[in-house]
Amino acid sequence: MPAKKTLSLLLALTFLLLLIIWMATGDVLSSREEAPESAQKKEPSLFQVETRWLEAEPFAPQLVLQGQLHADQSAMITAETSGRVTQILTREGEKVEKGQTLLALAEESRPEQLARLKAEVEARQAEVDAAKRLREANHLARTEYLRLKSSLLQIQAELKTAQLDLAHTRPQAPFQGYLEELMVEVGEAVQPGQSLARLVQTQTLKAEAQVPQQRIHQVKLGQEVTLEMLDGQQLKGEVSFIAQQADPATRSFRLEARLDNPEQKRLAGSSVTLRVHLEPTQAHFLSAALLNLDDSGQLGVKHVNSDQQVEWESVELLSNTASGVWVQGLPLRIQLITLGGGFVEPGEQVRVQLLDSQDDN
């Protein structure tokens, strides 16, 4: 019996010792789960970007368009009566004045018909005058007087038609210009509506081009236009017409610029580059390599704010040159990211290394 008590006591002491060891081990493990303050994980270092201050500058933008020059006036002279060509009074390439006769058609019996109608008008006019006196004396019915007056008006209309028909045998230039093309020969019979000649006036010219719909708001009547020919020759003009409605096929608006051509240079029909001088504005000049596209395809740049956070700013491209681009839409003064912008996103905190303003990447 004493041996059993001794064994029980030993077992109890053993369990107590194990319990003490387990509790001590748990405290140690628990303390290890809480790292000392000096051993806590350090925050990752911020990405470094290079920046420079960029300020807006006065800029006179130009809208560059491709177009074509046309004669300011161009007309196709068509026959307004039938007849045989009897004379060619002006040759191709000759200068003509307004109202100058270009060619002659056979008059045939037109003069005699005109003389007959004139005599008929005089006779009926006399009848109407006599009827008027009788009507005033109440010796003639009103209906008879009106019949005679209507007959006079009818023959007067026929006389006017005959006069015009005779005049149409001598087609005339509607404006001063050059006879560009003659389409008939002596002896040829022509019919009303047939083309006889083409007349152009090149003392003034007009250039025609198409303006993209996203730029049409920048164009105004009267704006100066520099026109550059393929050989480098430059002319000056101004915007004279802007279409109110876009072409359904191209979604662009027709623009015309008028210019003087006092030396009558042969330019009509030539291709030309139009540089429309838009209103001066404030813009920024930077390297094209600094431009980015966002997810929607909008052009823009990345910069940092006063809290050294990355921001995105969309821009409008005004001009593209070999040395850089002019853009609009930025604040007047901006801290532009010049290096490392491709590795950071808007809203991200960064470390900033500010470069001198004259440095350019």
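Reference entry: report on the structure contained in this document.

**Observations concerning the packing of aromatic side chains**
- Overall, the coordinates contain 3 aromatic pairs when judged by the stated rule.
- With 4.5 Å between their ring centres and 15° between their planes, Phe59 and Trp326 make a pair best called stacked. Taken together, the residues span a long stretch of sequence, with Phe59 in strand β2 (residues 57-59) and Trp326 in strand β19 (residues 325-328) at a distance of 267 residues. The pair Phe59 / Trp326 is uniform in exposure class, with both members buried.
- Residues Phe285 and Trp326 carry aromatic rings whose centres are separated by 5.2 Å and whose planes lie at 50° to one another, so their mutual orientation is tilted. Residue Phe285 is located in strand β14 (residues 281-286), and its partner Trp326 is located in strand β19; the two are separated by 41 residues in the primary sequence.
- On the basis of relative accessible area, Phe285 is assigned to the partly exposed category, the value being 25%.
- Of the residues examined, Trp326 reaches a relative accessible area of 14% and is grouped as buried.
- Through successive ring pairs, a cluster of aromatic residues spans Phe59, Phe285 and Trp326.
- Residue placement shows Arg333 over the ring face of Trp53; its charged tip is 4.0 Å from the ring centre.

**A word on helix α3 (residues 142-167)**
- With 26 residues, α3 should reach 38 Å at 1.5 Å per residue; the first-to-last C-alpha distance of 38 Å fits that figure.
- Within the span of α3, buried status applies to Tyr145, Leu148, Ser151, Leu152, Ile155, Leu159, Ala162 and Leu166.
- Contacts from the buried residues of α3 go to α2 (110-136).

**Brief notes about α2**
- Over its 27 residues, α2 extends 39 Å from the first C-alpha to the last, a length consistent with the 39 Å expected when each residue adds 1.5 Å.
- On its buried face, α2 is in contact with α3.
- Immediately downstream of α2, the backbone of Asn138 shows phi near 60°, a positive value.

**Some points on the sheet that holds strand β6 (residues 103-105)**
- Pairing in this open sheet of 3 strands is antiparallel, and the strands run β6-β4-β8 from one edge to the other. Of all strands in the sheet, those bounded by a partner on one side alone are β6 and β8 (189-190).
- Bridge analysis of strand β4 (residues 83-88) against β8 gives 2 bridges, and the strand direction is antiparallel. Directly across from Arg84, in β8, lies its bridge partner Ala189.

**A closer look at the pattern of salt bridges**
- Across all of its chains, the model carries 14 salt bridges by this definition.
- Measuring nitrogen to oxygen at the nearest pair gives 2.9 Å for the salt bridge that ties Glu55 to Arg333. Separated by 278 residues along the polypeptide, Glu55 in strand β1 (residues 47-55) and Arg333 in strand β20 (residues 333-339) bring together distant segments of the chain.
- Judged by relative accessible area, Arg333 falls into the partly exposed class, the value being 46%.
- Close ionic contact of Arg147 with Glu144 constitutes a salt bridge, the shortest N to O distance being 2.5 Å. With Arg147 and Glu144 both in helix α3, this residue pair falls 3 residues apart, about one helical turn.
- When salt bridges with common partners are traced through the structure, they connect Glu108, Arg110 and Asp165 into a single cluster.

The rules we used
Residues numbered from 1 in each chain as written. Predicted model: local features only at pLDDT ≥ 70, side-chain atom pairs only at ≥ 80, totals over all residues. Heavy atoms only, no water. Phe/Tyr/Trp six-rings, centres within 6.5 Å; stacked < 30°, edge-to-face > 60°. Helix = DSSP H or I, 4+ residues; strand = E, 2+ residues; numbered from the N terminus. Buried < 20%, exposed > 50% of the residue type's maximum accessible area, 1.4 Å probe, protein only. Lys NZ or Arg CZ within 6 Å of the ring centre and 35° of its normal. Expected span 1.5 Å × (residues − 1). Contact = heavy atoms within 4.5 Å. Pairing = 2+ DSSP bridges. Salt bridge = Lys/Arg side-chain N within 4 Å of Asp/Glu carboxyl O.

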